[in-house]
Amino acid sequence: MATVTANDPVKSPTRANAISPGANIHVWAVLDLLAHRWRWLVASALIFGLAGLVAGIRFIGPKYTASAQLLRYETPGASDFLKPTTPMSPETFAGLMQAPELLRSVGAKAAPPIPPEILIKQIKVDPDEDSDLVSVDLAARTPQQAVELLNLYLGETVKYMRDLQAQQIRVAADTYLGKQVAQMNQDIATLDHEFRVLAMPSPITNKLVQINGQLRDLGRDIGGASPSSPLVAAQTDRLNKALGELTELLAKYTELHPAVQEKEAEIQAIKKEIAKEPSQGVQIPPAAAVVAAVQSVAPPFNPEVDIIRSKLLSLEEGRVQLVNRQREAELYASDPPGNARVFAPASLKTVRASLRSLKIAVLAIAGMLFGLCGSLVILTLVEFADGRLKTVDDVRRVTKLPLLTTLGDLNELDSGAQSQWAFRTWTMLQGRLSPSVHHGLICGITSSSQGEGRSTWIRLLADAASLTGFRVLTIATRPSTVEPKAPTENGCDLLPEALQPMDPADCLTPVVAAGDALSSPGKVADHFSGPDSKPIVHIPLPGWVWNLERRRQWKEALEYWSKLDNVVIFVELPPGDAPETVLLSSSLPNLLWLSESGLADAADTRDQLETLRHAHCNIVGAVLNRQMSQPLKKRFPRWIAASVVLALLGLGGAQAQEIDSASVPAQTNLSFAIVNPSQRAAWQKHLTLGAGDVLSFGLFGQPELAAPDIAIGPDGRVSFLEAQDVLADGLTIDELRARLDQELAKYRRSPHTMITPVAFRSKKYFMLGKIMVKGVYTLDRPLTVLEAIARARGFENGLVDRSVVDLADFSRSFIARDGKRIPLNFERLFQDGDLSQNIPVEPGDYIYIAPIDLGEVYIVGEVRLPGPATFSQGETIVSAIASRGGFTDRAYVGRVLVVRGSLNHPETYAINMTAIMYGDKTDFKLQAKDIIYVSPRPFARVEELADLATTAFIQGLITAWVDTKVVKPFTE
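Our subject in this report is the structure included herewith. On a predicted model such as this, the values are computed, not experimentally measured, just so you know.

With that out of the way, let us pick up the nonpolar core. Counting residues in hydrophobic clusters, the biggest one holds 35 residues, and the most contacted among them are Leu 473, Ile 475, Trp 554, Trp 561 and Ile 569. Per-element accounting of this core gives the leading share, four residues, to helix α19 (residues 548-562). Beyond its immediate chain neighbours, meaning those up to four positions away, Leu 473 contacts Val 524, Phe 528, Val 537, Ile 539, Trp 561, Val 568, Ile 569 and Phe 570. Within the second largest apolar cluster, 31 residues are counted, among which are Val 125, Val 134, Val 158 and Ala 346.

An order of β6-β12-β11-β7-β10-β8-β9 is seen for the seven strands of this open sheet, with the pairing classed as parallel. Of all strands in the sheet, those bounded by a partner on one side alone are β6 (403-406) and β9 (536-540). Between one strand axis and the next, the sheet turns by 20 degrees as a mean value, whatever way the strands run. As paired strands, strand β8 (residues 471-476) and strand β10 (residues 567-572) are joined by six bridges and run parallel to one another. Its bridge partner being in β10, Leu 473 is matched across the sheet by Ile 569. Sheet contacts for helix α15 (residues 415-433): β6, β7 (442-447), β10, β11 (591-596) and β12 (619-625); angle to β6, the most-contacted strand, approximately 165 degrees. Where α19 meets the sheet, it contacts β7, β8, β9 and β10, and its direction lies at approximately 150 degrees from that of β10.

The grouping of Phe 953, Ile 954, Leu 957, Ile 958, Trp 961 and Val 962 at the surface amounts to a nonpolar patch, some 600 Å² of accessible area in total. The class of Trp 961 is exposed, set by a relative accessible area of 52%.

A complete count under the given rule lists 19 salt bridges for this structure. Here Arg 817 ties to Glu 842 by a salt bridge, and the two come within 3.7 Å at their closest N and O atoms. One end of the pair, Arg 817, is in strand β22 (residues 814-817); the other, Glu 842, is in the loop between α27 (826-830) and β24 (846-849), and 25 residues separate them in sequence. Residue Arg 817 is classed as buried on the basis of its relative accessible area of 5%. Its relative accessible area of 24% is what places Glu 842 among the partly exposed residues.

For helix α3 (residues 38-59), with 22 residues, the first-to-last C-alpha span of 31 Å sits near the 32 Å given by 1.5 Å per residue. For α3, the full list of buried residues reads Leu 41, Ser 44, Ala 45, Gly 49, Gly 52 and Gly 56. Take α3 and look down its axis: the buried residues cluster within an arc of 130 degrees, on one side only. The outward face of α3, more than 90 degrees from its buried face, is lined by the exposed residues Arg 39, Trp 40, Leu 46, Ile 47, Leu 50 and Arg 58.

Turning next to the pairing of strand β3 (residues 133-140). For β3, the tally of buried residues reaches six of eight residues, placing the bulk of the element in the interior. Across eight bridges, the pairing between strand β1 (residues 64-72) and β3 is antiparallel. Bridged to Gln 69 within β3 is Ser 135. In the sheet, strand β2 (residues 123-127) pairs with β3 via five bridges, with the strands oriented antiparallel. If you follow Asp 126 over to β3, its bridge partner there is Ser 135. What sits between the antiparallel neighbours β2 and β3 is a turn of five residues.

Below, the discussion takes up unusual backbone geometry. Here Ala 111 and Pro 112 are connected by a cis peptide whose omega angle stands at -5 degrees. Summarising the element assignment, Pro 112 is placed in the loop between α5 (100-109) and α6 (116-122). You will see that Lys 929, though not glycine, has its phi angle at about 75 degrees, which is positive. Here Lys 929 lies in the loop between α29 (913-917) and β29 (931-934).

According to the stated counting rule, one finds twelve aromatic pairs in the structure shown. Seen in terms of ring centroids, Phe 697 and Phe 720 are 5.4 Å apart; in terms of plane orientation they differ by 20 degrees. Their pairing is stacked. Taken as a pair, Phe 697 in strand β13 (residues 694-699) and Phe 720 in strand β15 (residues 717-720) lie far apart in primary sequence, 23 residues in all. No difference in accessibility class separates Phe 697 from Phe 720, as the two residues are buried. Ring centres of Phe 814 and Tyr 848 lie 5.5 Å apart, and the angle between their planes is 45 degrees; on these two criteria the pair is classed as tilted. Pair noted here: Phe 814 is in strand β22 and Tyr 848 is in strand β24, with a separation of 34 residues, a long-range link. Overall, Phe 814 belongs to the buried group, its relative accessible area being 17%. Overall, the relative accessible area of 24% leaves Tyr 848 in the partly exposed class. Within the aromatic cluster, the residues linked to one another by ring pairs are Trp 426, Phe 470 and Phe 570.

Cut-offs used in this document
- Residues numbered from 1 in each chain as written.
- Predicted model: local features only at pLDDT ≥ 70, side-chain atom pairs only at ≥ 80, totals over all residues.
- Heavy atoms only, no water.
- Core = buried A, V, L, I, M, F, W, Y, C linked by side-chain atoms within 4.5 Å.
- Buried < 20%, exposed > 50% of the residue type's maximum accessible area, 1.4 Å probe, protein only.
- Helix = DSSP H or I, 4+ residues; strand = E, 2+ residues; numbered from the N terminus.
- Contact = heavy atoms within 4.5 Å.
- Pairing = 2+ DSSP bridges.
- Axes fitted to C-alpha atoms, helices over the stretch in contact; angles between N-to-C directions.
- Patch = residues over 30% accessible without salt bridge, like charges linked within 9 Å, V, L, I, M, F, W, Y side chains within 5 Å.
- Areas by Shrake-Rupley, 256 points an atom, 1.4 Å probe, with all protein chains shown as cover.
- Salt bridge = Lys/Arg side-chain N within 4 Å of Asp/Glu carboxyl O.
- Expected span 1.5 Å × (residues − 1).
- Arc of directions from axis to C-beta.
- Phe/Tyr/Trp six-rings, centres within 6.5 Å; stacked < 30°, edge-to-face > 60°.

The analysis is restricted to geometry; functional conclusions fall outside its scope.
Now the structure itself:
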């Protein structure tokens with residue numbers, strides 16, 4: 001029988017099952033839609049790529065780059081006054097090379113002239129941070145033009161730097177030195193006037209002035225004649241030698257250096273000795289007479305005159321120095337040496353061609369990517385705005401029905417493939433809708449609109465059912481809005497002309513007249529029996545008005561046909577918006593919803609399905625016709641899985657695990673030791689010095705001043721040459737080098753200190769607790785927790801119950817850093833081998849290994865050795881009882897009591913030891929101070945008495961038997 005009703009629980013899915021699929025739009029569905037439009041993507045990519053190629057050929061011309069080098073230097077032979085107070089940085093020098101005035105000068109002299117805004121785009125200035133060389137690159141259309149323009153630019157740069165230097169020196173000479181000389185002249189004139197007023201009030205004063213001049217002339221004469229005296233000549237030689245030594249010292253040191261000050265004192269002493277020598281060893285009578293005359297007419301001593309005279313002399317000396325500086329500045333301004341020269345001029349050998357082909361290819365690829373991305377965006381927007389059902393996910397999302405099967409394009413399938421698909425689909429439908437493989441079924445197929453392939457599906461399924469031995473009845477209905485017409489031999493007469501299939505084989509041939517189908521259902525059954533029986537019977541139903549009588553006939557005909565043996569009924573219903581579909585579907589036990597990809601509208605489908613559900617139609621699922629190409633997710637399952645796994649592995653290897661609950665991160669290295677520079681901690685990247693570190697110092701160019709193995713003192717200070725007590729604590733080696741250079745520059749000319757680390761002893765960490773070697777350790781290299789504990793010789797161990805065990809409690813061990821406790825899981829590190837817990841040790845870390853609590857548990861009752869037992873971490877009730885000899889014969893194994901906690905508020909646990917020993921339950925973990933009580937069996941005394949009675953009874957029987965059977969016959 002083929003009776004299948006909607007009341008059958010197996011064939012009637014509930015409404016909850018029908019709405020089970022999710023309503024979200026999946027990414028794979030969007031990718032499938034875009035892949036279906038791959039021709040548009042390729043076309044847009046090719047068009048924009050070709051446009052980029054044409055634009056590259058049109059606008060990217062050949063370009064050649066010439067290279068050259070400039071050398072920047074300080075002004076040679078200039079005094080300190082002419083040198084800048086701060087040296088020019090490489091960036092500042094590069095900025096001056098791109099000054100607008102320089103670019104305008106070069107552009108005006110170029111052939112043809114080049115505007116500055118274009119020239120600056122052709123020039124690239126790259127100063128070297130570690131040297132005084134400046135690399136210059138210039139791009140042009142031809143190699144010769146690039147070389148000529150770059151050499152012109154270099155020449156103009158050298159000239160511009162000279163002019164700039166001359167301008168700066170001239171401004172300094174005019175503004176600074178000129179004003180100082182003018183002010184000095186004014187001050188000298190004022191003091192000279194005061195001196196004349198005080199020094200010339202009388203003829204005696206004039207006489208003193210005249211005698212003073214004579215004495216000065218006499219002193220000059222004496223100085224010129226002094227070499228005739230051997231002693232004066234020796235003193236003069238000493239003076240010249242001391243002056244030469246002073247000049248050498250001033251070349252290296254400043255005036256504050258002790259050696260310079262000592263040499264100046266020596267020169268002053270020699271001058272005084274020379275000044276005394278003529279009067280002692282040479283007789284100059286005229287001078288003596290003058291002196292006597294001066295003494296005879298000298299006026300009373302006036303200290304104010306001497307003060308003014310000293311001021312005049314000092315001002316005169318200062319004025320001479322300023323005038324000399326002004327003359328030097330004028331000389332340098334008239335012919336400035338400059339601070340740059342061409343080190344390596346440009347030549348054709350240094351010219352390199354630009355990668356024009358590569359640039360054009362990159363532009364073409366960029367155009368292709370732009371076209372691809374633009375078309376992707378447009379197609380995505382179009383697909384999202386499109387309300388048609390196209391993919392499997394669309395059908396599930398809109399219909400909220402389970403998708404039973406799909407069908408691709410029949411034009412791409414041969415007859416064999418169509419038959420295989422029909423057989424698989426028929427087997428699936430029968431398995432879901434029929435109680436067994438030997439029962440038929442009744443199923444209706446409808447869709448949202450005409451032309452979605454209902455006739456094709458029914459034809460293919462009918463052929464497949466017929467091949468499996470079923471008799472097939474197909475019924476095609478038509479909406480009442482269509483004018484009825486006489487049935488023809490083609491089963492597609494119910495369709496409008498616009499929807500007629502191309503292949504007539506897609507239609508079924510009617511064998512029963514439409515008027516007799518419902519009124520006389522027995523005529524249909526006659527075609528399944530007799531000599532002219534047909535495997536497939538087709539009934540076309542016209543678009544009649546489905547009144548109550550017609551509906552009753554329809555229902556009775558279905559019931560009649562369903563009672564036929566081994567019959568499958570397929571009903572091709574009108575579209576879902578036709579009233580006949582609702583009326584006919586309410587009598588069908590199963591209803592399939594058919595959607596054609598790209599034809600069914602989502603809004604119409606949703607409304608029509610809602611109407612069918614309100615009419616209590618049993619919609620068992622949906623099918624998709626003309627499915628697009630195979631989904632991408634199913635095409636490359638292995639590739640996708642492999643990509644996901646690789647992405648997860650890469651993400652897991654790059655992530656840093658946070659192990660500090662108080663926002664103190666600790667990075668792990670997932671290895672036993674720190675072997676990769678990328679694993680360096682922050683303190684290693686910025687390594688600072690501290691007390692105890694040992695360094696070696698040296699001065700560049702003076703190896704005799706090297707100071708090896710100097711330790712930083714407890715106060716964090718270090719001394720080298722004249723730089724005494726320089727604070728080194730908290731500084732890096734580079735920062736300490738700069739600090740020493742700054743201190744030595746007060747005494748030496750351009751010092752360059754060299755520092756070589758010998759030993760780092762300031763970084764320490766602390767190891768305490770249950771480890772073999774406790775104490776303070778020097779962090780002289782990167783260490784992990786494993787390496788630090790291995791350096792401390794591991795954990796302490798001891799003898800417990802004749803077994804050697806570690807005395808470390810990993811659950812309570814910790815690391816303290818910066819006053820915060822890091823909850824490092826030592827159990828996972830040392831027991832599970834989790835290297836993610838093997839964090840680097842940092843300076844100041846405090847590693848504490850807590851001692852294990854060797855408590856006791858107490859075992860009493862029916863055990864062989866009652867008493868306390870040593871408790872160790874992970875102790876269980878089985879191991880504790882076994883350590884005390886096990887149970888006695890009287891023990892009640894099925895219920896062992898464990899008492900835990902204080903005596904006032906104890907907690908009790910009843911443990912079934914039998915279940916634990918047979919593996920039905922897990923072993924019970926103990927805690928320190930637990931009390932285990934093993935009670936005797938409840939009827940142990942009764943068992944003993946019964947045993948005694950049984951033993952006495954057996955002994956009595958044996959005695960009586962022996963007395964009767966053995967003793968008496970033997971005595972008789």
